[in-house]
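Listed here are the chains, written in short residue letters.
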Amino acid sequence: MDLPGVDVVRFVAVAAVLYSHIAFYLIDDLGTGWWGIDLTYEVLVKGAGLNQHLSSVGVTAFMMLTGMLVTRSAIRQDRRKFLIARAARLLPAFWVAILAAVVLVWLGINGTFSGHTTVSVSEAFLSFFLAAFFLKPQVIVLGVVWTLAAQISFYLWCVAGRSLLRTAPVAVPMLGAVLCMLVLLYNLYVPEPYTVPFLSKIASTLPTLFLGQIVYFGWAGLISLRALLAAMFAQIAVIVMATDINVYWSGSRYLWTVTVVFAAIVLVARYDGRLARSTVVSWVATRSYCIYLTHTLVMYRIYENTVGIVGTTAAIVLLLIGCGLVAEVLYRSVEVPAAHWIKSRWLAPKQVASDERTVAPTRA
C-alpha cells in the first residue's frame, strides 16, 4: 500500500507541535502575544473550532500515523523482529534526549516540566524508562516524551494480539477500546491513593492510535465496512468518556479536533503531488522524531535570549532554526547510526533492508 503523502502529514504535525508550544509559552507563560498566534486563532481555533493553541493536533496526527503504519509491520513481522525494529528507532535518541534534559536541569539552565526545581538521581534514572510519569507527584524532565508511553503500549498490544491481527483484525481495536474504558473507570472510582493517573492519559490517547490502525484495515481490505464503523465508534466512545471525566488537558473540543485530523490524514496520506516530494517536507519528516524530542529543550532559551535584541518574529525564526540544527545533530549522530547498528546485529540483513523501506515512516 503506497502512502506518498505521509511526509506531508508529518510536516504539518511537526508545525502544529512547534506552534502549540510557542503559543502556550508566549500567551500562558509570558502573557505576551504574536501576530501569528492571532491569525491562527482566527482561522483554526475560532474559525475551524480546533483546540486552543492547536493543542493535541500534532500529537493526534503522529499517533494516527503510528497506528496506521506500525500495524502493517506488526502483521508482517514476527514479534521479536517487530520489537527490535521499534526499539532501534525509538530508544537511542530518546535516551540521549533524556540525558540532555537531566543535565540541563542539574545545571540550572532548564527547569522540569512538573514544577520541581531539580531531580534526584533515582528520579533521573526512572525518567530513562518513562517511570517518573507514574510517580505521585510526577517528575517530568522532558514533558513531550509521555507520548512514547502511549506508543509503546500500542506496540505491546499489537504484539500480544498478533494472532488476532492476522485472523480477526477488528478485535484488536475493539478490545483495546474496552481496556481503555476499564482503565478510565478504575481511576475514576477507586480511592485516590490507589489510582494511577498517568494510565488515564495513556488510555485516552490510545484511541487515536487505534483510529490509525482502523484506517489501515480499511485501506488494506482486511475488515468490512460494518466492522470498520463499529471499531471507529468504539474509539469515539472512549474519547467521549475521557472528555466527560476531564482527562484531556486541551478542553472540550478534543473529539472535533480528532475528527478533523482523522479526515485530513485520510485525504492527504495518498496525495502524490509536488508538495509530497518537496525537499523541505522530506527533511522535516525524516527528522520529525528528533525535532519532537529536542525542541522544548532549546526553544525557550533561544527565545528569551534573542527577543530583546531582534523582536518576537525574528526570535521565533531563530528558535525554529535552532530546533532544526539540534535535531539534525541528533538525527545524524544518534538516530540513524544507532538504528543501523542495532538492526545489523539483531536482525538478518534481508530484514534490515526490508524494515528500512517499510518501517522508517513510523518515526515520531
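Above this text sits the structure in question.
Residues numbered from 1 in each chain as written. Predicted model: local features only at pLDDT ≥ 70, side-chain atom pairs only at ≥ 80, totals over all residues. Heavy atoms only, no water.

Draft legend 1. View of helix α14 (residues 312-346). Here α14 spans 48 Å end to end across 35 residues, near enough to the 51 Å set by a 1.5 Å rise per residue. Helix geometry: α14 is bent most strongly at Tyr331, by close to 45°. (Helix = DSSP H or I, 4+ residues; strand = E, 2+ residues; numbered from the N terminus. Expected span 1.5 Å × (residues − 1). Bend = angle between axes of the 7 residues up to and from the residue.)

Draft legend 2. Summary view of the nonpolar core. Leu26, Met68, Ile98, Leu142, Val145, Phe154 and Ile265 are the most contacted members of the largest nonpolar core, which has 112 residues in total. Beyond its immediate chain neighbours, meaning those up to four positions away, Ile265 contacts Val9, Ala61, Met64, Leu65, Met68 and Trp219. (Core = buried A, V, L, I, M, F, W, Y, C linked by side-chain atoms within 4.5 Å. Buried < 20%, exposed > 50% of the residue type's maximum accessible area, 1.4 Å probe, protein only. Contact = heavy atoms within 4.5 Å.)

Draft legend 3. Just the packing of aromatic side chains, in detail. Scanning the entire structure with this criterion turns up 11 aromatic pairs. Measuring from centroid to centroid gives 5.7 Å for Phe62 and Tyr292, while their planes differ by 65°, and the two rings are edge-to-face. In this pair, Phe62 is assigned in helix α3 (residues 57-76) and Tyr292 in helix α13 (residues 288-310), connecting sequence segments 230 residues apart. Considered together, Phe62 and Tyr292 belong to a single accessibility category, that of buried residues. Consider the rings of Phe133 and Phe198, whose centres lie 4.9 Å apart with planes at 15°: the pair is stacked. Of the two residues, Phe133 sits in the loop between α5 (121-127) and α6 (146-160) while Phe198 sits in helix α9 (residues 197-220), which places them 65 residues apart along the sequence. Judged by its relative accessible area of 7%, Phe133 falls in the buried class. In textbook terms, an aromatic cluster arises when at least three aromatic residues are bridged by ring pairs, as seen for Tyr25, Tyr300 and Tyr303. (Phe/Tyr/Trp six-rings, centres within 6.5 Å; stacked < 30°, edge-to-face > 60°.)

Draft legend 4. Structural detail: the environment of Thr118. One can find Thr118 in the loop between α4 (79-106) and α5. According to the relative accessible area criterion, Thr118 is partly exposed, its value standing at 41%. Expressed as a C-alpha distance, the spacing of Thr118 and Leu107, which sit 11 residues apart in the sequence, is 9.3 Å. Not counting chain neighbours up to four residues away, the residues in contact with Thr118 comprise Val105, Trp106, Thr112 and Glu123.

Draft legend 5. Structural detail: helix α12 (residues 279-286). Every buried residue of α12 is accounted for by Val281, Val284, Ala285 and Thr286. Where α12 begins, the side chain of Ser278 points an oxygen toward the backbone nitrogen of Val280, at a separation of 3.3 Å. (Polar contact = N/O pair within 3.5 Å; in protein donor to acceptor, adjacent residues only side chain to side chain.)

Draft legend 6. Spatial organisation of the packing of α3 against helix α11 (residues 254-268). In the contact formed by α3 and α11, the axes pass within 10 Å of each other and the chain directions differ by 50°. The angle between the axes of α3 and α11 places the two elements in the oblique class. By crossing handedness, the relation of α3 to α11 is classed as right-handed. Touching Val57, Thr60, Ala61, Met64, Leu65 and Met68 of α3 are Tyr254, Thr257, Val258, Val261, Phe262 and Ile265, all from α11. When the residues that make up the contact of α3 with α11 are grouped by side-chain class, the tally is 10 nonpolar, 2 polar and no charged. (Axes fitted to C-alpha atoms, helices over the stretch in contact; angles between N-to-C directions. Parallel < 35°, antiparallel > 145°, perpendicular 65-115°, else oblique. Left-handed = near helix turned anticlockwise from the far one by under 90°. Nonpolar A, V, L, I, M, F, W, Y, C, P; charged D, E, K, R; others polar.)

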